[in-house]
Each structure stands twice: as C-alpha cells, then as structure tokens.
Amino acid sequence: MRGRNHAGIDAGIRRRIRISAALCTVLCAGLLLTAGCKGKDDVPDSAAAGENRNTAGDSVIVVMTANSEPESGFDPAYGWGAGEHVHEPLIQSTLTVTNPDLTIGYDLAEGMEVSEDGLLWTVTIRDDVSFTDGEKLTAGDVAFTYNTLRETSSVNDFTMLREARALDETTVEFEMERPFSIWPYTMAVTGIVPEHAYGPDYGSHPVGSGRYMLKQWDKGQQVILEANPDYYGEAPKMRRVTILFMEEDAAFAAVKSGQADLAYTAAAYTDQSVNGYSLLSCETVDNRGFNLPAVGRKEQDGRIIGNDFTADVRVRRAISLAIDREEMIEHVLNGYGSPAYSVCDKMPWYNAEAEASSDREEAARLLDEAGWQMGADGIREKDGVQAELTFLYPAGDSVRQALAADTANQLQEVGIHASIRGTGWDTAYDEAQAEPLIWGWGAHTPMEFYNIYHTMKDTGLAAYSPYGNEKLDAYMDEALACPDLEESYELWKKAQWDGEEGVTLRGDIPWVWLVNIDHLYWVRDGLHTAEQKLHPHGHGWSIVNNVDQWEWSAAK
Amino acid sequence: MGKKAGGYIVKNFIRMLTFLLAVSAASFFLLSLSPIDPLKSNVGQAALGTMSEEQIARLEAYWGVGIPAGKRFLAWLSGVLRGDLGISLLYRQPVLSVIREKAANSVWLMGAAWLFSGVLGVFLGTAAGAKKGKWQDKAITAYCMITAGTPAFWLALLLLLVFAVQFPIFPIGFSVPVGVAVSEVTLSERLSHAFLPALALGLTGVSNIAMHTRSKMIEIMESEYVLYARARGERGWPLILGHGLRNLLLPVITLQFGSISEIFGGSVLVEEVFSYPGLGQAAITAGLGSDVPLLLGITLISAALVFLGNLTADLLYLAVDPRMRRERRKEAERRNTHGGR
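Just so it is clear, the model here is predicted, and its values are computed rather than measured. (Residues numbered from 1 in each chain as written. Chains lettered and ligands numbered in written order. Predicted model: local features only at pLDDT ≥ 70, side-chain atom pairs only at ≥ 80, totals over all residues.)

Enquirer: Quick question: what am I supposed to make of the overall build of chain A here?
Expert: Counting its regular elements, chain A contains 13 helices and 26 strands. Out of the 556 residues belonging to chain A, those deemed buried represent 57%. A fraction of 71% describes how many contacts in chain A between residues 6 or more apart in sequence connect residues 24 or more apart. (Helix = DSSP H or I, 4+ residues; strand = E, 2+ residues; numbered from the N terminus. Buried ≥ 20, exposed ≤ 12 C-beta atoms within 10 Å, placed from the backbone. Contact = placed C-beta atoms within 7 Å.)

Right, dumping it as structure tokens:
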C-alpha cells in the first residue's frame, strides 16, 4: 500500500487536492443547517436502501480514507498489510497474529522455535489449510512467500532474512542474516501467497487462505470482500464487506445520506450529530510528538545539524515539564485522545516509567539552573540570547498545526518564545535535524523505537533527530539479538529507562511525546464492532482487522 | 481533394509528434525540478520509521533517486518510441493499462459534459443574441457571468450538497453503485453516477460558449442579409436557424473543440469532489506521488487529445464553410501553376 499519511488527522502534503478549508466550512455549515431542518424521523434511509442492495444482516459498508486503497493491489510484496498502515491482510493467512494486547499469537503457526544465536527460526504450521482455489497450503508456499518478498518487498522489511526453506509439508525454517527477535511481528503482517498462483497480476486477483476473498475491486472506489466458505477458523459473521475510499468530507456526506454503515471521521466533526449514527472512538498508539535536537548547532555537508538551545538536557527536561497534555487534548482534539509518554504507549515493550506530569515550577527552576534568566518581557535570556524555538509542522495537517500552536503557547508560560512554521515532507526531514518537528508515529513493532533512538553507523547519531547514547544502543542491539521474545521486551524497556539512564524525562529526553490521537468513526446504530486492538498510526484498515466478528443487533 | 486532405493530415501528424516530444520533455524536466522526494512522499513517515537503512536504499533504487534526470528521460523516451510507456511506479501496472482503465470512466463524464456545454451554450447564446437587450438576454448574460466566475469544483460541492445529501436523488460519488457486482450494474446506474459531475463540468463550461455565440449572433442579426430576410417577413427561430446558425458554427466549433482542455482541467477537481475514479484523479495521484511514468503518460494522452481536438476543428471548418474549401483549392492551384513540379 502506498504509505501515505491520513486525511484530516494526518494529511500532510500527501493529501490529494485539498478543497480549501473555507469551502469545507461552507459544506459543514450547510450540512448542519440541513440536519437542523430535518424532522427526527426523516432519516434518509430510502437512499441507503436504493444504493445498497445487501439488506441482509450479514453485510457491512465501511468508508476509509481515500489513500487507504492499496494502489498496487493486495500483494504482500507491495505493502499490503504492512508499511504505513499495519493491519491483518484478511485475504491471506499469516503465520502469527498480534493479540489485542499486542503480544504474539498464532494463525497458521502451531509452534515456533529459535536457535540460541537467534539465526534460525523453525515454524510448524497447520496442515488443514487450503487456498480458496482448493490447493493445499504447505510449508513450500510459506518459504516461497518469504523468499519472494525478500527480493521484491517494498515497505515491509525482509533484509534480515537470508533464506526460507520448507523442511517438509508443515515445517518451515528461516535462516537469518542477523538476529531479529521481533521477527514474529513481521510474520503477523505477511500474508502467505500460493506458489502456484502468484504472478505480476496477483495484486488485482489475489488468492489466499484468509477469512475473506476479494470479490471485486473497482479501482479508485470500492473493494468488495466475501467470506471464505472454507475458512479453517471460526466462520466470519459478516459475509460481505464493502469498503469505500473517500475523502473526509465525502465520507461525512456518505454518513449523512445513510449510505455507509461505518465511516472514519475527524475530531473537527465530533460536535455534529447524525440521526441513526453514533460516534465510535478507538484508542490508538497513533501518537504525535516532537524531537529536540540533542547536540549543539553545526554545519555538516551543507546541512545544519543540532540546536544550541535544546542541546542542554535541562532545557529539554524543562520543555517536557512545561507541557500539559490533558489541556492539549481538550484544546486540539475535542477530548478525543490520550496523553502520550513514549512512541510505544501500552505496547508490551512500553516502560511505564516514561509517564510524567506537567510541573511548570520545576521547569522554571531547571531553566534558571541552566542559566536562562527571566527577562523583562517575559522571555528568558542567557548571555544576551533569547530563549527561542521554532516548531515545524507538516503544512496542510491541521491537527499537527494546532498541536504546534498549543505547544508554543504552553512554552510561553515558562518564558520560552516559541513560534510555529509549516513545512513540506520533502524538506521536513532535513529541517528536523536542527528544529523540533511535530511527528506522528505508532507501529505494532519495536523496530520503530529502534529507528528513532538508535544511532546510525555513518553519523553516530539517530536518523530523525541528532541524538546518541551508547548504553541505550547496546540495550536495543541486545534486544534484537535476544532469542526470547518475552525477554526482549524487558530489554526494550531498559532502553527507555534502566533506572539510571534512558530517553524518558529523567533521562536524555531527546523526544517529547504529546498525545495519542483517538481514531474516530461514525457507526450506524445496531452495528457492533468487536473489541479493537490499539490502532497503530494510520486511520485505515486497522478498523476491519476483526470485521469477521462484527455483528448487527436484531434489526438493521 | 482526398489526396490533399491526406497531405494536410500527414503534415499535422508530424506537427503533433514534435509537439508531443516538446510537451513530454518540458514536463519531464519540470518534474525533475520538483522538490518532491518520491520516497518521502510515497513511503509515509511511519513506514520509513520501521525500515532498516538497507531497505530504504532498495526503495531509493526503485524510485530512481540519484539517477540524473537526463538519463532517466532518455530511458523513458526510448521506451516510448518502442511503444512502451513504462510501468506505473505506484500502481505497479503498465501505464497504458492504468490509463485505459481510468479513461473508460472519464470518457462518460467528459463526453457528457462536453456535449452538454456545447448544446446548451449554443442554444443560450443564440437566444440571447437574438433577443439582445431584452430580459431573456439579460437573464442569460447574468447567468453566464456568474458561472464564468464559478470554479467547477465549488459548483460540484454545491450540487453534491443539494442533490445527494439534502435530497438524495443522486449518489454522492463514485462511478458505480456501492456494494454491487460489476455484472449487475445497469447503464442507468452508470449514468446517474456520472450525472452530477457531468452537470457541474457542463454548467461551468456553458458560459464561454454562450457568450461567444451571443456576440457572433448579435453581429449576424445586425447584418444586411438578416435585414433583408426580415424585410421579406421572416421572424423568430426560422430566421435564426436559416440565416444565423451556419455562420455561428465557425466560432462555436473552434471554442467547442478548444474547450476540451478546459473540460479536462475541470474534471481533475470535479472527479476529486465526487470520488470519481477517472484520469483526473489518476493525474493528481501520479503528480503528488512522483509517479513519473504515469504522469507523463497522462500528459501525453491529454496533449494528444487537445491537439486532435484542434485538428478536428480545422477539418470541420472545411466541411462547414464552403469559402474555406474554395480558398484552399485556389491556393493549391496557384502553387501548382507557379511552383511547377
């Protein structure tokens, strides 16, 4: 799937044509007006009935963001299931699955062993599984899938795999280039494809063994999935799932006109109400936060790296202490969010030591201690330099812009003059080497934590914001090399805070995390969406991870 | 005559080829100047965050990061000369098959809008010109002034709001009904899905045609032959049709075929509003996603379309206006007698 960010919540420059905000307001105002004029019983169900011929209680129509559509199709090699939107591939089976608490469970796998050096994984699989074309799924197909993806995969990373081998019908062995303890998290999003029916056209005509079959794909519009009648697990309760891809305002129009059963929406729409629908708010690890360059300013290869103000750890701690997350959630997200303390809140590898509350007195004390004395105009100064910071945000992403503005306001309280500036993704990565940028992360794998905090070989600094700590690097390397997944969680936690050092408030704090953004949906009354896993970054396919367990109460 | 028309077409065909070459070279180099980093704009930040450096390097190779623009252009051009427009980087399918798929949807939409704006434009323009200064003229002119200043996508939003949300007569978007298998989609459903977008495009396209037709009509109505016809007692539509229409057709044909580019441009935005999966949407996706082969493919096809539109207008001139045919013949004869063999 093309890994784009999300309309509304996470639009960035990647959003396609953006109808100007003013026009959206006109539209919304109009919609409000029409809603106000309508009688209570005047729900336009006629439209729904006319448009949707599946009136049985085992079908559902879901609206996703326009960029959730996998342009290159349902081929695991080109990001189906992985990448920007991590989710279960539905059409294909996977070796493992992530449980609601994001620990690892089994799908095709029945058992799994890792060698002491972490270089050899042996997985046994079920022998009662067939592809929807009737052919049996064997270890040979698993090996074929992984070997193929190692060569062709776009966003899902298989560079740590040397070779996959089928030892017999039901046993497959993975030989690794380097130890990779979180391999089961890769397995959880890698759909197994049939060796006999895989080719360039697979993306448009996928054959799998998962809960659903691709019935129809009208590109640019909708995907129709139908339950796999021979599925080896519990039979899906929803027999037919139609997924529409629409922009935010079109999605809202689809709800207003009763054409969708469930549609994504953004916090800006939450003060509206729609007859026959209620708002579903899903907890996420879809976080927003900013980086604080932890080294002094210097020029390197024509780029500016580091920031003299934030290079002082006391300043970074003060900034973190000055942030009132609850207030930010109320101001920016209409209350639909939770405070974020790390890039991986509530994941099995999250260290709760990261939790911190706002303390502006302590922040002022730290700034005083660092030599930043309050000036007459309410801005701190040191050696004639004012305490200034510019917060960057991806232009066009209204939520990140608002978070940047709220952060700037809050920092004013402790005497830091912060301004905000919009930027594009093409330059944002470079600019963030010297200034804080409002980022959004949140993956179902610790690899993200690694890439944010671990140093790179050639620069000795982390990739997205200059920072480095050898001790924490060692914990992370050890965690990846660890043969036992449970044990590796502990090492990931240590990399966050080991009692002495870490990336939390008491540690180096090179990143400050602000909020986890709830994913919001309009849901037609009577539709029960089963228990949702913590959604990762991306307002897309995660919602239908468990669509097979959704139900309608008696009357639709 | 046939031979000469043939020569005319061949000459124009060569002109078109050089034109397309220039268009593709220009757009390619504009694209290569674009600051969009394909990797950073296509692979989201969260996806990049879970990748190893090695994987990032592989993706950069796929997107052609670091290969000089000139080299990439020559590679692309040599493919095109062999009839291969390349593979779309985003869709991972041959560019031609992506375009074919999207164009199949757009053809309905643009064709309907084009006919609608042409027919209605001529009708309104003729009526306004014939009734110059009367209330009909004022009403039509006012309407044209308003729509001329109305962006198609705004009108599209308005139509969507009124006819799909407030009064759900038409679907809110897409080219096919929701949740219905292809085999069950009826023609009338397709038409009802294309109706609002086509209307939005057509309505805004009307004003240009109507206003030009109107001024030409006024000119005709003031001409001596109309005065003469009036003196003989001809009135109303028979007068307009008998003496006005053929003279009107010349500017209308130019405008109508020239408006192909406008319809195409407008459709980009209108398709976006109605989530209509046509060429316009594909162009946006390709542009923002640095899918160079696809964007160039669409550019080539649309440039060719516009060029062919203008060529058709030229050829139709000959059919409509006998004076031009005569001039052409005279010119040819002159050349033959003076130039010799």
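Enquirer: How do you make sense of the overall build of chain B when you look at a structure like this?
Expert: If you tally the helices and strands in chain B, you get 15 helices and zero strands. Across its three principal directions, the C-alpha atoms of chain B cover 85 × 70 × 40 Å. Per-residue burial for chain B yields a buried fraction of 40% across its 341 residues. Intrachain contacts of chain B at a sequence separation of at least 6 include 75% that bridge at least 24 residues.

Enquirer: Can you help me understand the confidence of the model for chain B in this one?
Expert: Should the pLDDT be low somewhere, the predicted coordinates at that spot are not to be read in detail. Residues and elements named next belong to chain B. For chain B, mean pLDDT is 84; residues scoring 70 or higher make up 96% of the total. Per-element averaging of pLDDT across chain B places helix α15 (residues 322–339) at the bottom with 71 and helix α7 (residues 135–148) at the top with 90. For this predicted complex, the interface score ipTM comes out at 0.75, alongside a pTM of 0.80. (pLDDT = per-residue confidence, 0-100.)

Enquirer: Looking at this structure, I do not really get the interface of chain B and chain A. What am I missing?
Expert: One frequently used descriptor of interface size is the decrease in accessible area upon assembly of the parts. Tallying the contact residues gives 53 residues for chain B and 64 residues for chain A. Mapped by element, the contributors of at least two residues to the side of chain B that touches chain A are α2 (38–42), α3 (45–48), α4 (53–62), α8 (152–166), α12 (260–273) and α13 (279–288) of chain B. Considering each element in turn, the side of chain B that touches chain A owes the most residues, eight residues, to α8 of chain B. Residue composition of the side of chain B that touches chain A, by class: 30 nonpolar, 16 polar and seven charged. (Nonpolar A, V, L, I, M, F, W, Y, C, P; charged D, E, K, R; others polar.)

Enquirer: Explain the pairing of strand β6 (residues 161–168) of chain A to me, please; I cannot follow it from the model alone.
Expert: Consecutive side chains of a regular strand alternate in pointing toward one face of the sheet and then the other. Bridge count between β6 of chain A and strand β7 (residues 171–176) of chain A: six bridges; the pairing is antiparallel. The partner of A164 of chain A across the bridge, within β7 of chain A, is F174 of chain A. (Pairing = 2+ DSSP bridges.)

Enquirer: Where do I start with the confidence of the model for chain A in this structure?
Expert: Confidence in the prediction for chain A averages 88 pLDDT; 89% of positions are at 70 or higher. In the predicted structure, residues 1–55 of chain A sits below a pLDDT of 50 and forms 115 contacts with residues beyond four places in sequence or in another chain.

Enquirer: Looking at this structure, I do not really get unusual backbone geometry. What am I missing?
Expert: With glycine set apart, most residues show a phi of negative sign, and most peptide bonds adopt trans. Residue and element names in this part refer to chain A. You will see that K346, though not glycine, has its phi angle at about 70 degrees, which is positive. You can see K346 is positioned in the loop between β16 (337–339) and α8 (360–369). For D383, which is not glycine, the phi torsion reads 50 degrees and is therefore positive. Residue position: D383 is located in the loop between β18 (380–382) and β19 (385–386).

Enquirer: Could you clarify how one ought to interpret the nonpolar core in this entry?
Expert: Across soluble globular proteins, you tend to see nonpolar side chains buried next to one another. Ranked by internal contacts, the top residues of the largest apolar core, which has 246 residues, are V63, A254 and A263 of chain A together with A156 and L160 of chain B. Other than its neighbours up to four places away in sequence, A156 of chain B contacts P197, A200, V270, V273 and F274 of chain B. (Core = buried A, V, L, I, M, F, W, Y, C linked by C-beta atoms within 7 Å.)

Enquirer: Just checking my understanding: could you explain helix α5 (residues 69–81) of chain B for this structure?
Expert: Note on helix geometry: an α-helix contains 3.6 residues per turn, so any two residues three or four positions apart are oriented the same way. With 13 residues, α5 of chain B ought to run about 18 Å at 1.5 Å a step, and its terminal C-alpha atoms sit 18 Å apart, in line with that. Once α5 of chain B ends, the next one or two residues include G83 of chain B, with phi positive near 85 degrees. (Expected span 1.5 Å × (residues − 1).)

Enquirer: Before we go on, may I ask you to explain the sheet that holds β16 of chain A in this structure?
Expert: For sheets, the rule is that strands pair by backbone hydrogen bonds, running either parallel or antiparallel. Residues and elements named next belong to chain A. Here four strands make up an open sheet; going across it, the order is β16-β23-β13-β22 and the pairing antiparallel. Both edges of this open sheet fall to β16 and β22 (438–441), since each of them pairs with a single strand only. If you compare each strand with its neighbour and ignore which way they point, the axes differ by 30 degrees on average. Pairing of strand β13 (residues 287–291) with β22 involves four bridges; the strand directions are antiparallel. (Axes fitted to C-alpha atoms, helices over the stretch in contact; angles between N-to-C directions.)

Enquirer: What's the story with the packing of helix α12 (residues 470–481) of chain A against helix α13 (residues 485–496) of chain A in this structure? I'm lost.
Expert: Helices that pack against each other are described as a pair by the angle of their axes relative to one another and the distance between those axes. All names here are of chain A. One can describe the packing of α12 onto α13 by two numbers: an axis separation of 8 Å at closest approach and a directional angle of 165 degrees. Accordingly, the angle class assigned to the pair α12 and α13 is roughly antiparallel. Viewed along their axes, α12 and α13 form a crossing whose handedness is left-handed. For the pair α12 and α13, contact is made by L472, Y475, M476, E478 and A479 and by S488, L491, W492, K494 and A495, respectively. In the contact of α12 with α13, the residues fall into seven nonpolar, one polar and two charged. (Parallel < 35°, antiparallel > 145°, perpendicular 65-115°, else oblique. Left-handed = near helix turned anticlockwise from the far one by under 90°.)

Enquirer: Quick question: what am I supposed to make of the packing of α8 of chain B against helix α9 (residues 187–221) of chain B here?
Expert: All names here are of chain B. Closest axis-to-axis distance for the α8/α9 pair is 9 Å, and the angle between their directions is 135 degrees. Between α8 and α9, the angle is such that the two are oblique. The chirality of how α8 crosses α9 is right-handed. Note on element contacts: α9 touches α8 through L196, P197, L199, A200, L201, L203 and T204, opposite A152, L155, A156, L159, L160, F163 and A164. Its residues placed into classes, the contact of α8 with α9 shows 13 nonpolar, one polar and no charged.

Enquirer: Could you clarify how one ought to interpret the sheet that holds strand β24 (residues 519–524) of chain A in this entry?
Expert: All names here are of chain A. A sheet is described by the order of its strands in space; here seven strands give the open sequence β8-β9-β10-β1-β11-β24-β12, paired in mixed fashion. Taken across any chain shown, the strands that pair with only one partner, and hence form the sheet edges, are β8 (212–218) and β12 (277–282). Mean inter-strand twist for the sheet, computed between neighbouring axes without regard to direction, equals 25 degrees. For strand β1 (residues 59–65) and strand β11 (residues 262–265), the ladder comprises two bridges, and the chain directions are parallel. Looking at β11, one finds that V63 is bridged to A263. Helix α5 (residues 248–256) rests against β1, β10 (240–246), β11, β12 and β24 of the sheet, and its axis sits at about 145 degrees to β11.

Enquirer: Could you clarify how one ought to interpret helix α7 (residues 325–333) of chain A in this entry?
Expert: Residues and elements named next belong to chain A. Every buried residue of α7 is accounted for by R325, M328, I329, V332 and L333. The arc that holds the buried residues of α7, viewed along the axis, is 100 degrees, so those residues lie on one side. Looking at the buried side of α7, the elements it contacts are β16, α9 (398–412) and β23 (511–517). Positioned one or two residues after α7, N334 has a phi angle of 50 degrees, which is positive. (Arc of directions from axis to C-beta.)

Enquirer: Mind showing me how you'd approach the pairing of β7 of chain A here?
Expert: Residues and elements named next belong to chain A. Note: strand β5 (residues 120–125) against β7, five bridges, orientation antiparallel. The residue bridging W121 from the neighbouring strand is F174, located in β7. Connecting the antiparallel pair β6 and β7 is a turn made up of two residues.

Enquirer: Just checking my understanding: could you explain the environment of I319 of chain A for this structure?
Expert: All names here are of chain A. Residue placement: I319 occurs in helix α6 (residues 313–322). Residue classification places I319 among the buried positions, given that 26 C-beta atoms sit within 10 Å. Here the alpha-carbon distance between I319 and Q410, two residues 91 residues apart in the chain, equals 9.2 Å. Residues contacting I319, with those up to four places away along its chain left out, are L292, L411 and V512.

Enquirer: Please clarify how the environment of T299 of chain B should be interpreted in this entry.
Expert: Relative to the helices and strands, T299 of chain B resides in helix α14 (residues 292–320). The sequence separation of T299 of chain B and G86 of chain B amounts to 213 residues, and the corresponding C-alpha distance is 14 Å.

Enquirer: Please clarify how the environment of Y467 of chain A should be interpreted in this entry.
Expert: Inspection of the secondary structure assignment puts Y467 of chain A in the loop between α11 (447–453) and α12. In this structure, the C-alpha to C-alpha distance between Y467 of chain A and T455 of chain A, residues twelve residues apart in sequence, is 7.3 Å.

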